[in-house]
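Observations on the model geometry
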Amino acid sequence: MSLLLPAPDGFARLENLIDGKRCPALSLERLASVDPSIGETWAEIPSSGSDDIAAAVDAAKRAFSGAWSDLPALGRAGLLRNLAGLFADHASELARIESRDNGRALAETSAGDLPAVTQILHYFAGAADKLMGDTVQVSPASFNFTVVEAVGVVGIIIPWNAPLSILAAKVGAALAAGCTVVVKPAEQASCSILAAAELFEHAGFPPGVVNIVSGLGSTAGDSLVRHPDVRKISFTGSTATARRITAASADSLTQLAFELGGKSANIVFADADLDAAELGVSTASVFTGGAGQTCVAGSRILIERPIYEEMVERIARRASEVRIGDPMDLETQMGPIAFDRQYDKVRDYIALGSQEGAEIAFGGRSGEALMGAGSPHAGGYFVEPTFFRDARNDMRICREEIFGPVASAIPFDTEEEAVALANDSSYGLACGVWTSDLKRAHRAIAAVKTGVVWVNAYRRIHWALPFGGVKESGYGRDSGLESLRGYLHTKTAWIEL
Ligand code: NAI
Ligand code: MG
């Protein structure tokens, strides 16, 4: 079974999944999906509107009150395991579709994301029969207990940087909890999720349990948020859009969970293993296969003064060694930016950094100037790993999320100063600490105001560990048993004896 069949004109044409049926948008309107490595359309997806969303929510609501809710926990677990197996069978095709659609290096999607998708689904299959309430001993005159119940229909809104792994984390938890879902993938990279719709059907989920509807955020996304029968929205994306969603949910009082952006700091102390730190703060953190389009990108590199010059030199060399090119080539370490508007945004920030007085230690080129006029990728959205030195934390390049392969080095003198700089941000997603001093590591873990802290590691994300931020990086958690709680509410019972 191939998940993607090109139409006679050469474009892959994908459909929504609503109530167990593959269908175009009711309006028949479509959006072009661009291959960012060449800047040309390669597929078409439904441009769905409020009527498509209404049909999907209606199907999810009917499924929730139907056979799905009667299924024992092991039944849900079995279907999730079937799904995990199907994702494993189709991993290489799905990795290729995702890399073609969003430009993320196939080396990363095939070795990282797709194997993780299978594990995430198995993890939540294992969690499905571990939902528990409490008995609470209030008085001998009453028997008091709680049960947890699925919240109902969940709207899941996904960004373009890592569609399938974010889908697995949110949908896996929601289905394990017993919810039904309507998924709205990002308009710039919907193809891998729409292609995977096929797998939900084959896994045996009853119609309407999982619905997938592509379209613009301002139309399809907004009507999903406003729909009165959607009990919860789980969203990953920008802080600006999270604010819009918060305002749009005021009437329905829909529960919200937000995994938003970041401006994460990587703190390198002079006592660190500098070889490990050099790799950890560069290619593992921000000069990634997805060209730094990761919410945890360590875009502020704080370096203790005695090792500042040496580290700047090491990071610049690492940046210069990154192999940029065709994301489908397994030798490629960094693909293009995912779409034109984001490409312009990243290049504008690179220009801004120089205007603000930071100095480019390496990088700065993009497009044809980087790839060469004769290259098949001259029209792609490629940006060189770009590393600014001597930045200040009050510069916009150090305050605003760039979401590209751009990092800035800032020197510091004391541990207190480093922690203060790391925390001086409106965001609070992640922080990296590089040190060989165990006491300092513990002090830093306690002092940084983020949802995730890595010590002598970076961007290590695991399905069993809760993931999310504080401050303007959002609230609620993906992954771990904690994420399951987000799809459940607690009912309290009192029996008078
Ligand atoms: P976005 O937050 O607007 O898009 C994410 C998802 O939200 C997409 O599915 C989109 O269709 C949907 N959406 C947009 N407007 C909506 C609305 N009013 N109601 C409901 N859903 C809506 O992000 P965008 O514009 O694609 O990227 C802008 C910036 O956001 C990036 O430059 C980056 O800084 C940040 N970002 C952060 C991500 C993360 O992983 N935390 C992921 C994607 C973007
Ligand atoms: Mg695309």
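Everything below is about the structure shown above.
Anyway, here's the lowdown on the structure attached to this text. (Residues numbered from 1 in each chain as written. Chains lettered and ligands numbered in written order. Predicted model: local features only at pLDDT ≥ 70, side-chain atom pairs only at ≥ 80, totals over all residues. Heavy atoms only, no water.)

Some thoughts on the packing of helix α5 (residues 106-127) against helix α6 (residues 163-177)
Close contact between α5 and α6 brings their axes to 9 Å; oriented N to C, the two are set at 5 degrees. Taken together, α5 and α6 sit at an angle that is classed as roughly parallel. Contact residues: Asp113, Leu114, Val117, Ile120, Leu121 and Phe124 in α5; Leu164, Ser165, Ala168, Ala169, Gly172, Ala173 and Ala176 in α6. Residues that form the contact of α5 with α6 fall into these classes: ten nonpolar, two polar and one charged. (Axes fitted to C-alpha atoms, helices over the stretch in contact; angles between N-to-C directions. Helix = DSSP H or I, 4+ residues; strand = E, 2+ residues; numbered from the N terminus. Parallel < 35°, antiparallel > 145°, perpendicular 65-115°, else oblique. Contact = heavy atoms within 4.5 Å. Nonpolar A, V, L, I, M, F, W, Y, C, P; charged D, E, K, R; others polar.)

Some thoughts on the side chain of Thr236
With respect to the helices, strands and loops of the structure, Thr236 is situated in strand β11 (residues 232-236). Separated by 2.9 Å, the side chains of Thr236 and Lys170 make a polar contact. Those residues in contact with Thr236 that lie beyond four places of it in its chain are Ile157, Ile158, Pro159, Ile166, Lys170, Glu259 and Asp478. (Polar contact = N/O pair within 3.5 Å; in protein donor to acceptor, adjacent residues only side chain to side chain.)

Describing the packing of aromatic side chains
Scanning the model with the defined rule gives twelve aromatic pairs in all. Consider the rings of Trp68 and Phe205, whose centres lie 6.0 Å apart with planes at 50 degrees: the pair is tilted. Taken together, the positions of Trp68 in helix α2 (residues 67-70) and Phe205 in the loop between α7 (191-203) and β10 (210-212) put the pair 137 residues apart, joining distant regions of the chain. You'll find Trp68 and Phe205 in the same group, each marked buried. Through pairs of rings, three or more aromatic residues link up here, namely Trp68, Phe87, Phe200 and Phe205. Taking NZ or CZ as reference, Lys232 lies 5.2 Å from the ring centre of Tyr487, over its face. We note Arg440 situated over the ring of Phe269; from NZ or CZ to the ring centre the distance is 4.1 Å. (Phe/Tyr/Trp six-rings, centres within 6.5 Å; stacked < 30°, edge-to-face > 60°. Buried < 20%, exposed > 50% of the residue type's maximum accessible area, 1.4 Å probe, protein only. Lys NZ or Arg CZ within 6 Å of the ring centre and 35° of its normal.)

As for the sheet that holds strand β6 (residues 135-136)
Strands sit in the order β6-β7-β23 across an open sheet of three strands; the sheet is antiparallel. The sheet is open, and its two borders are formed by β6 and β23 (488-496), each paired with just one other strand. Judged from the nine bridges that link them, strand β7 (residues 142-150) and β23 form a sheet pairing that is antiparallel. Among the inter-strand pairings, Val148 is bridged to a residue of β23, identified as Thr490. (Pairing = 2+ DSSP bridges.)

A closer look at the site of ligand 1
In the vicinity of ligand 1 there are 29 residues, among which Trp160, Lys184, Glu187, Lys345 and Glu401 approach most closely. The separation between a nitrogen atom of ligand 1 and a polar main-chain atom of Leu260 is 3.0 Å. Within the side chain of Glu401, an N or O atom sits 2.7 Å from an oxygen atom of ligand 1. For ligand 1, the accessible surface in isolation is 810 Å², of which the surrounding protein chains cover 92%. Only α8 (217-226), β11, α9 (239-248) and α12 (340-356) provide two or more residues apiece to the shell around ligand 1. (Near = heavy atom within 4 Å. Areas by Shrake-Rupley, 256 points an atom, 1.4 Å probe, with all protein chains shown as cover.)

Some remarks on a nonpolar patch on the surface
A cluster of nonpolar side chains, contributed by Val136, Val138 and Trp494, occupies part of the molecular surface with about 320 Å² of accessible area. Its place among the elements puts Val136 in strand β6. (Patch = residues over 30% accessible without salt bridge, like charges linked within 9 Å, V, L, I, M, F, W, Y side chains within 5 Å. Salt bridge = Lys/Arg side-chain N within 4 Å of Asp/Glu carboxyl O.)

Some points on the sheet that holds strand β16 (residues 386-389)
Taking strand neighbours across the sheet as the criterion, the seven strands line up as β15-β16-β17-β14-β13-β19-β20 in an open arrangement whose pairing is mixed. One side of each edge strand has no neighbouring strand; the edge strands of this open sheet are β15 (359-362) and β20 (452-455). Going across the sheet, the axis of each strand differs from the next one's by a mean of 25 degrees, ignoring polarity. Where strand β13 (residues 265-268) lies against strand β14 (residues 300-304), four bridges are found, and the strand directions are parallel. Across the sheet, the residue bridging to Ala265 is Arg300, located in β14.

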